[in-house]
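Breakdown of the fold
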Number of protein chains: 2
Amino acid sequence: MYICRMENTDHLKEILESHKLRITACRKNVLQFFLNRKAALSQSDLENQFTQYDRVTLYRTLNSFLDSGIIHKIPNSQGAAAYGLCHETCSPDHHDHNHIHFKCNQCGQIQCLDDKLVPEVTMPKGYMIEAVNMIVDGVCAKCA
Amino acid sequence: MYICRMENTDHLKEILESHKLRITACRKNVLQFFLNRKAALSQSDLENQFTQYDRVTLYRTLNSFLDSGIIHKIPNSQGAAAYGLCHETCSPDHHDHNHIHFKCNQCGQIQCLDDKLVPEVTMPKGYMIEAVNMIVDGVCAKCA
DNA sequence: TTAAATATGCAATAAAGTTGCATTTATGTA
DNA sequence: TACATAAATGCAACTTTATTGCATATTTAA
Ligand SMILES: [Mn+2]
Ligand SMILES: [Mn+2]
Ligand SMILES: [Zn+2]
Ligand SMILES: [Zn+2]
């Protein structure tokens, strides 16, 4: 995870550049929003926060972040898709997403537990593993 | 998992009755379809299979099965929701869903690996666990 | 057999995701 | 700096998925 909380424009620019994305106001704002947030974000979170941008633009911003490896999509059972920041080690080629996700049934927030790694798992003979996702549902520390 | 593959009407009736659901043709047909299938099913799978029923009826059939503990919802990152048969031990009160789900990126099928249990996991202090889901993506034995 | 409770079909609506295209903006090069 | 090119944005339209209301049909228990 990128360490700083209050980013300066240069830092945002660097992140976008290093992922081969053009620097635009929308992308910088959305990226900053992700960096300031602890929890995962959904498209509608962005729409509420950034009324100045068209929802399609925000949709495509999320897609460009996904494709370039800035964020990752978090599986869920219902509602809109949620997105979390990738580790700094992630790239479009090689992702490093072996952390557990937690969804609080009280406040609804979805969190990346970056230092809680998904345990190893074995598959039946003949199965090939490409990715493993673990989603824990419950009540978070704040809501408990 | 219910053992039989080709159910007789009585067996279907028993299952529905034991979950306190009224016996209807639609429910029996949908339940049979679940029992015959190995993979998880989506609403659109049902719509394709049962053109004689309104899609809202199929939607509510899935909901009644969900609420009564006949099926469970499987988290995914994209596309329509998938549903898998519950174990016989499941009830509305107590669910027993600690098995791994596998999604094949080739054929798209989602499978309940009923005998592959989700490994134990610990949360940070203060978190309460209510449910744990594990979804493995990859290539299934048939597609490999 | 009948009354009450529930399921179904149909219409309408909401929510979420996606595409095409004209216009604007960003970026590399002259 | 100016320009050409490639990419991003806004807007409209559309698709898919999910949800609700209500009249009618069916199931169930008395
Ligand atoms: Mn995450
Ligand atoms: Mn399952
Ligand atoms: Zn919470
Ligand atoms: Zn497969």
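Residues numbered from 1 in each chain as written. Chains lettered and ligands numbered in written order. Predicted model: local features only at pLDDT ≥ 70, side-chain atom pairs only at ≥ 80, totals over all residues. Heavy atoms only, no water.

Let us now look at the nonpolar core. The nonpolar side chains of soluble globular proteins are, as a tendency, buried together. Membership of the largest hydrophobic core comes to 25 residues, with the highest contact counts inside it found for A:Ile100, A:Phe102, A:Met134, B:Ile100, B:Met123 and B:Met134. Looking at this core, the elements that each hand over two or more residues are strand E4 (99–104) and strand E6 (128–139) of chain A together with strand E4 (99–104) and strand E6 (128–139) of chain B. The residues touching B:Met134, leaving out its near neighbours within four places in the chain, are A:Val118, A:Pro119, A:Val121, A:Val132, A:Asn133, A:Met134, B:Ile100, B:His101, B:Val118 and B:Pro119. (Core = buried A, V, L, I, M, F, W, Y, C linked by side-chain atoms within 4.5 Å. Buried < 20%, exposed > 50% of the residue type's maximum accessible area, 1.4 Å probe, protein only. Helix = DSSP H or I, 4+ residues; strand = E, 2+ residues; numbered from the N terminus. Contact = heavy atoms within 4.5 Å.)

Here the focus is the relation of the copies chain A and chain B. Mapping between the two chain copies consists of a rotation about an axis together with a translation along that axis. Taken as rigid bodies, chain A and chain B are interconverted by a rotation of 180° and an axial shift of 0.0 Å, the fit giving an RMSD of 0.1 Å. Such a combination of turn and shift is consistent with a two-fold rotation axis. Every residue of chain A has its C-alpha some distance from the rotation axis, and the shortest such distance is that of A:Met134, at 2.2 Å. Interface residue correspondence from chain A to chain B reaches 100%, placing this contact among same-surface, isologous pairings. (Least-squares fit on C-alpha atoms with pLDDT ≥ 70 in both.)

Another aspect to go through is the coordination of the zinc ion (ligand 4). Residues and elements named next belong to chain B. Within the protein, Cys-104 (SG), Cys-107 (SG), Cys-140 (SG) and Cys-143 (SG) serve as the donor atoms for the zinc ion (ligand 4), at 2.2 to 2.5 Å. Coordination at the zinc ion (ligand 4) comes from four donor atoms whose angles at the metal span 101 to 126°, giving a geometry best classed as tetrahedral. Expressed as a motif, the donor residue spacing for the zinc ion (ligand 4) is C-x2-C-x32-C-x2-C. (Donors = N, O, S within 2.8 Å, 3.2 Å for Na, K, Ca; no water. Tetrahedral: all angles 85-135°; square planar, octahedral: opposite > 155°, others 65-115°.)

Its place among the elements puts A:Ala39 in the loop between helix H2 (25–36) and strand E1 (41–42). Setting aside chain neighbours within four positions, we find A:Ala39 in contact with A:Gln109 and A:Ile110.

Okay, the protein's contact with DNA strand C next. Taken together, 18 residues lie around DNA strand C, and A:Ile23, A:Arg55, B:Arg27, B:Thr57 and B:Arg60 are the ones closest in. Residue A:Tyr59 places a side-chain N or O atom 2.8 Å away from a phosphate oxygen belonging to DNA strand C. Within the side chain of B:Arg22, an N or O atom sits 3.1 Å from a base nitrogen of DNA strand C. When residues of the surface near DNA strand C are traced back to their parent elements, those giving at least two are helix H4 (55–68) of chain A together with helix H2 (25–36) and helix H4 (55–68) of chain B. Of the residues contributing to the surface near DNA strand C, the split by class is seven nonpolar, three polar and eight charged. (Near = heavy atom within 4 Å. Polar contact = N/O pair within 3.5 Å; in protein donor to acceptor, adjacent residues only side chain to side chain. Nonpolar A, V, L, I, M, F, W, Y, C, P; charged D, E, K, R; others polar.)

This brings us to unusual backbone geometry. Residue and element names in this part refer to chain A. The residue Lys-20 is not glycine, and still its phi comes out positive at about 60°. Within the secondary structure layout, Lys-20 lies in the loop between helix H1 (9–18) and H2. Looking at Lys-20, the relative accessible area reads 76%, which means it is exposed.

Here we come to the sheet that holds strand E1 (residues 41–42) of chain B. Residue and element names in this part refer to chain B. Taken in spatial order, the three strands make up an open sheet running E1-E3-E2, and their pairing is antiparallel. Of all the strands in the sheet, the pair left with one neighbour each is E1 and strand E2 (71–74). Sheet topology note: the E2/strand E3 (residues 82–85) ladder contains four bridges and is antiparallel. Considered in E3, the bridge of Lys-73 is made with Tyr-83. Strands in contact with H2 are E1, E2 and E3; relative to E3, the strand with the most contacts, it is inclined by about 80°. Seen against the sheet, H4 touches E2 and E3 and runs at an angle of roughly 105° to E2. (Pairing = 2+ DSSP bridges. Axes fitted to C-alpha atoms, helices over the stretch in contact; angles between N-to-C directions.)

Geometric descriptors of this kind do not, in isolation, establish any biological role.
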